[in-house]
Every structure is written in C-alpha cells, then in structure tokens.
Amino acid sequence: MKEYDHKKIEKKWQNVWDKNKTYQAKDFSKKPKYFSLIEFPYPSGDGLHVGHPRSYVGMDIISRKRRLQGFNVLYPIGWDAFGLPTENFAIKTGKDPRVVTKKNTDNFRRQIKSLGISFDWSREINTTDPKYYKWTQWIFLQFLKKGLAYKAKMTINWCPKDKTGLANEEVVGGLCERCGTPVEKREKEQWMLAITKYADRLDKDLDTVDYLPQIKLAQRNWIGRSEGAEIDFKIVIPTRTPGVRVFTTRPDTIFGATYLVLAPEHELVKELKDKIKNWSEVEKYIKEVKNKTDIERTSTDKVKTGIELKGIKAINPANKEEISIWIADYVLPHYGTGAIMAVPADDIRDKEFAEKFKLPIVENYQKAGFEDFGKKITKFKLRDWVFSRQRYWGEPIPVVHCKKCGIVPVPERDLPVELPKVKNYEPTDSGESPLANITKWVNTKCPKCKGRALRETDTMPNWAGSSWYYLRYTDPKNKKTFANKKNLKYWLGSDPATGGVNWYNGGNEHTTLHLLYSRFWHKFLFDLKLVPTAEPYKKRTSHGMILGEGGVKMSKSLGNVINPDEMVKIYGADTLRVYEMFMGPFSQSVAWSTESIIGSRRFIEKVWRIGVKVSTQKNSSALPASGLRHGPNFSVPKLSKLLNKTIKKVTEDIEGMYFNTAISSMMILATEMEKACLSSGTTENIELEDYKKFLQILSPFAPHVTEELWSMLGEKKSINLSSWPKEDKSLMEDEEIKIVVQINGKFRTEIMIRADDDEEKIKKEALSDETVLKHILGKTVKKVIYVKNRLINIVV
RNA sequence: GCCCGGAUGGCGGAAUUGGUAUACGCGCACGACUUAAAAUCGUGUCUCGUAAGGGAUGUGGGUUCGACUCCCACUCCGGGCACCA
C-alpha cells in the first residue's frame with residue numbers, strides 16, 4: 001500500500017500552488033469578493049511561535065471555504081516590523097535593525113510557507129519599508145493639517161542612570177529593567193493624536209459592526225463614555241473667580257457634597273501656592289504621588305491618602321455651606337476636570353476618605369435635579385494618544401522645526417523622510433532619539449522660508465504602521481497614493497455603513513488598543529473621503545493563546561517553547577494544522593501537548609488509508625457500477641446519512657469558529673468509513689462521490705493530503721477549484737427517534753418513537769413502559785412534560 | 001484594584017444554548033494480528049456499590065418538572081490597564 005509521506009506531499013503541493021498562483025487574489029472579478037485578515041506578525045528573532053499558526057490556520061480555513069463557495073478571496077500577510085525588541089537587540093549587538101529585520105522576516109516567511117497557509121504572498125508588505133512608511137508619514141501629515149496632531153507636555157518614565165526614557169514595559173516594579181535604578185517621572189514635549197475627538201463615534205459606531213460581544217464591551221469600557229455634569233464651586237477663601245469646576249456623574253447628590261478633592265497635579269494648587277498655609281506638606285505629598293502609576297493611585301483596596309489645602313475654602317452652590325478642599329491621588333488629572341465634589345454618604349471612595357480624615361458625612365440630604373447647578377456633559381475615559389517615541393526603530397515624524405516659521409510639515413513630495421543609518425542605537429543623554437546625534441541629518445532647510453531648520457527626531461510608535469496596513473493590501477505597490485480608491489472600493493465595499501474587511505481575527509490582547517487606534521485612523525481617512533467605509537472591520541473575532549504544557553506561559557526562560565518547524569518535520573503541516581484546530585475551543589487559551597498531537601496524525605493517516613483503498617479499487621474494474629451493489633454489508637445509506645450530517649456540521653461549525661467540534665465530527669465519519677471497508681474487505685460500501693465530498697470539507701483543515709488524494713482519485717483540477725458540498729436534507733431525516741424518559745428529572749430509560757407520532761401517543765407509550773411502571777408503582781403521576789423529539793419527564 | 005474571559009474524568013475538551021454530563025482525542029489496561037516489536041483494529045476506562053441504586057461539572061446558596069447552562073455571593077487561574085506587540 002502506498003505510504004503517507006507528508007514531506008513529499010506537502011512540498012509537492014506547496015510548489016504547485018505557488019506556480020499556479022492558486023491563492024492570488026484578483027483585483028476586480030465577477031465573483032463576489034471576500035477580504036479575510038489576520039494580525040500581521042511582529043517578526044521576532046525567536047522565530048514563529050506555535051501560537052501564530054492558530055490564528056493563521058483559523059482564518060485560512062475560513063478563506064479556503066470561501067474560495068470553494070465561489071468567492072474571490074483576499075487573504076494577505078505582511079510584517080509589523082518596527083519596535084522595541086529589534087531596537088534593543090541592535091543596542092546590545094550593534095547590528096543594523098534593517099539587517100536583523102530582513103533575517104527575521106525571511107525566517108518567518110519560510111516557516112509560515114511550510115504550513116500551507118493560503119496567503120497571497122504577492123501582496124506582502126513591511127511597515128519598515130520606506131515605500132510603505134512613506135504613507136504612514138503621509139497620513140500623519142493629514143492629521144497635522146487637520147489639527148489633530150499637536151504637541152503637549154507629558155510625563156514619561158526616566159532612568160536617571162541610563163539617562164533615557166523608558167517604555168512602560170521596561171519598568172519592572174518601579175525599577176529600570178536594564179540597570180535596576182528606581183525610575184523617575186519626567187515632563188517632556190510629545191506629539192499627540194487627538195483620538196478623543198472621535199470618542200463619541202468610536203463608541204456609537206460599535207452598533208454597526210459585528211464584533212464578538214466581549215470585544216464591543218472591552219472597546220466601550222476603554223472609551224468610557226459617561227454622562228454627567230460640570231459644576232462650578234466658588235473659591236471664597238481667598239476670594240477668586242473663577243472658582244473650581246468639578247465633574248460628577250451624580251449631580252443630583254450635590255446637597256450631600258461636604259468637601260472637594262483635586263488631583264495633586266491640578267493647576268489651582270500651583271496657582272494658590274502662596275495662600276496654602278501648609279505648603280511644605282502639600283509639596284511633599286505631590287512629590288510622592290508623582291512616581292505612582294494610575295493603577296496604584298486608583299486601586300480601591302489601598303488606604304486612601306490625601307492632604308487638606310489649608311487656608312483655602314470653597315462654597316457648595318446648593319446649600320451655600322463652606323467646605324474644605326483636599327488633594328488626593330485617587331483623583332486623576334486627565335479624567336473629567338481633575339476635580340471632584342465628594343459625597344461621602346453616596347460614594348464608597350469618598351466615604352473611606354471622609355472616615356479616615358474625619359470629614360463631615362451628611363446622610364439625609366435633599367436631592368437635586370440633574371442640571372440644577374451645572375451643565376450636562378458627556379465625558380470619556382479615553383485619553384489622547386501619545387504618539388512620540390524617543391527611539392530609533394520607528395517612522396520618523398515628518399516635520400521640521402524652524403525658528404522663524406515654527407513647526408513646518410515636510411512637503412508631501414519629499415516623503416518618505418527616510419530613517420538614516422546611525423552608529424549608536426541608544427537614546428541620547430538628554431533623552432532625545434538617537435537620530436538627534438546625526439547633525440547632518442538633523443540640520444536641514446525650512447521648506448517654507450528656506451532658512452536653517454532642524455528635523456524632528458522623535459519617531460512614531462509601533463501602532464502607527466499597524467493602524468492602516470489592511471488598506472495597503474488592496475493595492476500594495478501603488479506609488480501615487482496609499483491605495484487606489486477603486487481598489488479600496490472593491491475590497492472594502494462601497495457602502496459606508498456596511499463595508500469593511502469581511503472578517504478580522506486576532507488576539508484577545510489587541511481588543512482595546514490596536515483595534516481602537518486603527519478604527520480611529522480609518523474614521524479619519526473616511527472623513528477625508530479617502531476610504532469608502534466608516535469602519536475598517538465589519539467582523540472581528542479573537543483567538544486564545546497557546547500555553548505551554550501544563551497551562552503555563554510558553555517562554556524561553558521556562559524552556560517550554562515548542563518549535564513549529566520540528567512539528568512540521570515530524571508530523572507534517574496537515575497534522576499540526578488539524579491538531580492546533582482540534583486542541584480546544586479557538587476563542588480560548590489552551591495548553592500545548594506534544595503527546596496528544598499523535599491523535600491528529602492518526603486521523604490523517606486513516607483518511608489516507610481509506611483514500612488509497614478507494615482509489616485503487618476505483619481504478620481496478622472489480623468494483624461494480626454504482627447502484628448495482630448488493631450484499632449483507634450494504635451500508636451505503638447509513639454512511640451517506642452520516643456524511644450529510646457531517647457536511648452540515650462542518651459547514652456551520654467553521655462559521656462559528658468551532659473548529660474543534662468540526663474535526664471531531666469528521667473523525668467520527670472517517671472511523672465509520674474505515675469500518676465499512678473492513679467489514680466487507682472492499683470499499684464497495686463507500687460511494688466515491690461521498691468520499692470526495694469528505695475530502696472537500698476536510699481540505700480547508702488539511703489542504704495538502706486532501707489535494708493529493710483528490711488527484712489520486714483522477715481529478716485533474718485542484719480541489720481548491722471545486723465547490724463546497726451541500727448537505728442533502730432528504731438523506732438526513734430520521735424516521736425513528738430515540739426519546740429519553742425521566743422520572744423527576746432523573747434518567748430512567750429510553751423509548752423509540754416514529755417522527756410523526758403525536759404527543760399523546762408518545763406519553764401513553766412512555767407511561768406503559770416496563771421500567772417506568774416499576775418506578776411509578778404506588779406513586780401518583782402529577783405531571784408529564786414532553787419536549788419534542790427529545791424527552792419525557794414524569795413528575796410523581 | 002478596575003475591565004474582559006475561564007474553571008467539567010489521569011489530561012485536552014464535548015454537551016443541539018434549560019433536557020441522557022463526560023462526544024472526539026490523548027493516556028492507560030486487556031485482547032486480535034505478528035517469531036517479536038511497531039503500526040493497525042477491537043473491548044474497557046468519572047466515582048461508591050456484587051447488584052438494585054446513589055454521588056459528581058471550582059465553593060456556598062437560589063430559581064425550575066429538570067441546571068455544566070439562568071440568578072446571587074465567593075475562591076482560584078489567564079489576558080488587558082494607554083511607551084511590548
């Protein structure tokens with residue numbers, strides 16, 4: 001018998017598909033289009049993680065199914081290659097990030113290709129390619145033009161020893177990850193993007209997209225829309241106008257407000273410095289707060305801290321009572337107005353604070369109307385996006401600073417502003433990007449006045465390139481624009497309300513930031529009439545992580561990292577694909593088990609054995625013509641029925657991403673098929689057409705082996721060019737149905753009924769069943785509940 | 001701490017969304033084939049009990065004829081928390 005040689009088969013078909021451009025999407029086609037998307041990977045030096053294929057295979061199954069369903073499918077991939085790990089590697093080794101990136105992407109490409117994912121490699125993109133980031137910079141200039149990119153002072157993490165700014169990730173327990181020095185906060189001018197201008201629409205438009213409910217919820221919570229009121233409190237000591245404005249979601253409780261709390265950073269504190277009698281204490285407290293994170297500050301289980309601003313008082317506008325003013329770290333400067341009115345009778349945090357500092361608590365106060373003392377206002381938790389990085393490996397922000405003209409955008413014709421080569425990748429001592437050291441590059445001419453000017457040395461965050469990459473796939477080589485409008489209209493759809501990438505799958509960990517940022521960019525481009533749809537993604541799902549054996553995180557330090565190359569080598573890509581889809585529910589994290597992968601291999605081998613038998617007997621004339629078969633083991637109808645049920649199940653399960661149960665049902669079918677062969681010694685019990693349908697529904701999961709078997713059965717064209725089978729309902733109906741009989745909700749027995757029996761007849765039958773009679777002997781039957789085609793429960 | 005998930009046999013998980021808990025797979029045991037091994041196939045495999053029957057879906061309560069599924073309170077685990085991607 002012909003052996004299953006995964007190495008030969010997989011290599012062979014990967015070459016054929018490549019040569020025939022089987023998976024290349026065609027711009028414009030009579031077929032309906034389908035745009036399926038995965039999050040393009042960051043090409044890390046560690047190579048592909050077994051978690052990557054999970055997402056890629058999942059969407060590959062969807063994409064392959066869509067092709068068989070007659071769609072013109074775009075399933076692209078690229079590299080999100082700017083970022084910290086490559087930069088830190090460069091700092092450590094002195095190697096050019098370009099060289100490192102090239103090496104890593106080459107490795108990733110080879111690994112992904114070995115899995116037989118149906119990506120359209122002709123559209124491969126790379127965020128670090130100047131031809132790509134030219135357009136990232138161009139989009140930034142549009143933000144600048146519309147006033148949505150601006151500069152503001154922000155606090156950053158600062159390591160006083162290394163003299164560099166640090167990313168949050170590089171701060172471990174308040175210490176610098178590299179040298180262990182306590183990290184300080186510093187103020188620095190940063191480029192910002194005004195995402196808050198889009199907050200309302202980012203929230204509202206979630207109603208128009210098909211995201212998993214928990215993804216929508218996560219987005220909504222992040223945006224944090226809430227309705228409240230802004231109320232002005234007069235400062236009476238010292239007399240000052242204007243007073244202080246607070247934001248509250250409960251303006252109705254104003255009669256219970258017994259003191260005010262300001263964020264320690266509130267400008268009023270600095271302004272009234274001279275009037276605050278206990279300034280030295282206040283100053284000390286402000287310093288302490290400065291190095292705390294927002295999480296530490298707002299944690300509700302820590303002891304409340306704060307300090308009164310002695311010597312200044314405010315007036316509650318509702319009851320005209322004089323109240324004290326405090327500062328406390330649990331009030332954050334960037335939410336609301338950075339000031340609250342405290343109603344200890346009604347708010348747990350205010351109550352804790354009042355109890356600790358012995359502040360008055362008024363329990364039974366008069367309720368006010370919503371807008372009696374202030375103005376209704378909608379507030380968002382969402383903050384503007386800090387868009388500057390003092391780093392090397394990112395897109396240079398394309399502006400110049402001119403003493404005469406101020407900030408001047410680089411003219412669009414001069415894009416891209418290419419990242420120059422440097423010798424040293426470390427940030428400078430002053431905390432500037434390493435680009436600041438290249439005087440030749442920094443010194444330039446002002447595009448406006450032609451005078452001397454300096455280039456901006458900040459670069460963009462990694463999120464920039466990934467905020468619009470899906471658009472570039474529709475027209476990846478365009479030199480005139482980021483993507484042709486016609487292409488965008490074709491691939492995203494022309495209806496602003498319903499169009500977008502058809503299906504976008506990614507990690508749970510991206511359901512807030514990346515997803516929100518790219519929705520923001522897309523909406524901005526939509527407003528400029530540069531993209532045809534209001535939302536980038538019509539549908540969004542997410543997959544869980546693959547953990548190491550035993551459910552711990554897979555990491556180098558734990559030594560439990562699984563190399564996909566090795567799995568492909570030993571078991572084959574098809575087995576790895578099937579295993580990753582079978583190991584657990586797609587949406588949840590699941591632990592890897594090398595011991596278990598053998599089950600998927602056995603399944604593929606079973607399919608292979610049946611196929612080899614079917615093909616050899618088909619080619620020998622020993623097999624009687626279809627429809628003329630007889631014999632004691634004649635079980636074609638039974639198998640056909642199971643096949644049709646399986647087609648239905650697999651068709652539906654793929655849509656819900658229930659890949660594990662789809663595979664389970666195909667395993668059952670394969671087992672039954674093989675049994676049918678064994679019982680008769682031939683494959684006469686398997687209809688050739690049935691077996692082919694089985695191969696078709698399996699092909700999205702295991703594309704190589706099914707393609708090989710397909711051709712062994714005499715098919716000249718690729719299985720990719722066939723059409724998705726449809727179940728035959730007439731072959732699926734059961735005339736006899738098994739009904740469970742329960743007594744008081746406990747399983748007792750089962751009876752067979754005919755599909756057309758009426759309820760009374762079934763109940764009667766159940767009550768006259770031997771086992772039932774035994775159990776209800778001497779008891780009164782109170783009630784008989786019948787659930788159609790399922791069960792009967794007798795209550796006694 | 002806050003937000004979003006999750007918890008079912010020795011292990012990964014299934015359960016038509018309120019209707020036979022443990023499908024499918026791994027592992028294990030036994031059997032067939034084999035000189036033997038591997039592969040493959042078959043049988044068994046939650047638990048107590050000889051059986052009849054009882055118990056079990058993280059914990060404690062509740063709703064219901066009936067709860068893994070719904071409600072309330074808790075425990076533990078994973079992800080996110082704005083400069084990791």
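Our subject is the structure that appears above.
Below you will find a few notes about this structure. Note that this is a predicted model, so its numbers are computed, not measured.

### Observations regarding the sheet that holds strand E6 (residues 164-166)
Here four strands make up an open sheet; going across it, the order is E6-E5-E9-E18 and the pairing antiparallel. Both edges of this open sheet fall to E6 and strand E18 (385-386), since each of them pairs with a single strand only. Of the strand pairs in this sheet, strand E5 (residues 149-159) and strand E9 (residues 184-193) are connected by ten bridges, and their pairing is antiparallel. Paired with Tyr150 across the two strands is Met192, which belongs to E9. Sitting on the sheet, helix H5 (residues 130-145) touches E5 and E9, and the angle it makes with E9 is about 90 degrees.

### Here's the deal with unusual backbone geometry
In this structure, Pro238 follows Ile237 across a cis peptide bond, with omega equal to -10 degrees. Relative to the helices and strands, Pro238 is located in the loop between strand E11 (226-237) and strand E12 (240-248). Residue Pro416 is reached from Leu415 by a cis peptide bond, and omega for that bond is 0 degrees. Take Pro416: it is sitting in the loop between strand E20 (406-409) and helix H12 (439-442). Despite not being glycine, Lys358 has its phi angle at roughly 55 degrees, a positive value. Mapped onto the elements, Lys358 comes out in the loop between helix H11 (348-356) and strand E17 (374-379). The class of Lys358 is exposed, set by a relative accessible area of 74%. Residues other than glycine seldom take positive phi values, yet Lys529 does so here, at roughly 60 degrees. Within the element layout of this structure, Lys529 appears in the loop between helix H16 (513-527) and strand E24 (539-543). Judged by relative accessible area, which is 64%, Lys529 ranks as exposed.

### Thoughts on helix H23 (residues 703-712)
Within H23, nine of the ten residues are buried, leaving the element largely enclosed by the surrounding structure. Regarding H23, the residues found buried are Pro703, His704, Val705, Thr706, Glu707, Glu708, Leu709, Trp710 and Met712. In the stretch just after H23, Gly714 is the one whose phi turns positive, near 95 degrees.

### Some remarks on the pairing of strand E15 (residues 322-327)
Counting buried positions along E15 gives five out of six residues, so the element sits mostly inside the fold. In this sheet, E15 lies alongside strand E13 (residues 259-262) in parallel orientation, the contact comprising four bridges. Bridge pairing links Val261 to Trp326 in E15. Hairpin geometry of strand E14 (residues 307-315) and E15 is characterised by an intervening segment of six residues between the two adjacent antiparallel strands and by a positive phi of about 60 degrees at Lys320.

### Concerning the nonpolar core
By size, the foremost hydrophobic cluster in this structure holds 81 residues, and its most contacted members are Ile112, Trp592, Tyr691, Phe694 and Phe701. The leading source of residues in this core is helix H21 (residues 659-680), at ten residues. Beyond its immediate stretch of four places on either side in the chain, Tyr691 contacts Val607, Ile610, Gly611, Val614, Met673, Ile686, Leu709 and Leu713.

### Focus: the side chain of Ser324
As for its position among the elements, Ser324 is in strand E15. Discounting residues that sit within four places of it in the chain, Ser324 has contacts with Thr258, Tyr259, Leu260, Glu308, Lys313 and Leu359.

### Describing the packing of aromatic side chains
All told, the structure shown has 47 aromatic pairs when counted by the stated rule. Aromatic pair Tyr56 and Phe119: ring centres 5.8 Å apart, planes at 70 degrees, arrangement edge-to-face. With a gap of 63 residues between them, Tyr56 in helix H2 (residues 51-68) and Phe119 in the loop between helix H4 (97-113) and strand E4 (125-126) connect regions that are remote in the sequence. Look at Tyr56 and you get buried, because its relative accessible area is 2%. Ring geometry for Phe119 versus Trp121: centroids 6.0 Å apart, planes at 85 degrees, classification edge-to-face.

Cut-offs applied
Position numbers for residues count from 1 along each chain, tracking the sequence in the order it is written. Chains and ligands are labelled sequentially in the order written, the chains with letters from A and the ligands with numbers from 1. Only residues with pLDDT of at least 70 are given local features in this predicted model, and only at 80 or more are side-chain atom pairs given and counted; all residues enter the totals for whole chains, interfaces and linings. To get the side-chain values, take all heavy atoms of the structure and skip hydrogens and water. Whether two strands pair comes down to DSSP finding at least two bridges between them. Comment: elements are numbered from the N terminus, with helices defined as DSSP H or I runs of at least four residues and strands as E runs of at least two. In this analysis, two residues are considered to be in contact whenever any of their non-hydrogen atoms come within 4.5 Å of each other. Note on geometry: axes are lines fitted to C-alpha atoms, helical ones only across the stretch in contact, with angles between N-to-C directions running from 0 to 180 degrees. The classification of residues rests on relative accessible area computed with a 1.4 Å probe and restricted to protein chains. Under 20% of the type maximum is buried, over 50% is exposed, and intermediate values are partly exposed. Buried residues of nine kinds, namely Ala, Val, Leu, Ile, Met, Phe, Trp, Tyr and Cys, make up a nonpolar core once their side-chain atoms join them within 4.5 Å. Only rings of Phe, Tyr and Trp enter the pairing, Trp through its six-membered ring, and a pair is recorded when the two centres are within 6.5 Å. The plane angle decides the type: under 30 degrees is stacked, over 60 is edge-to-face, the rest tilted.

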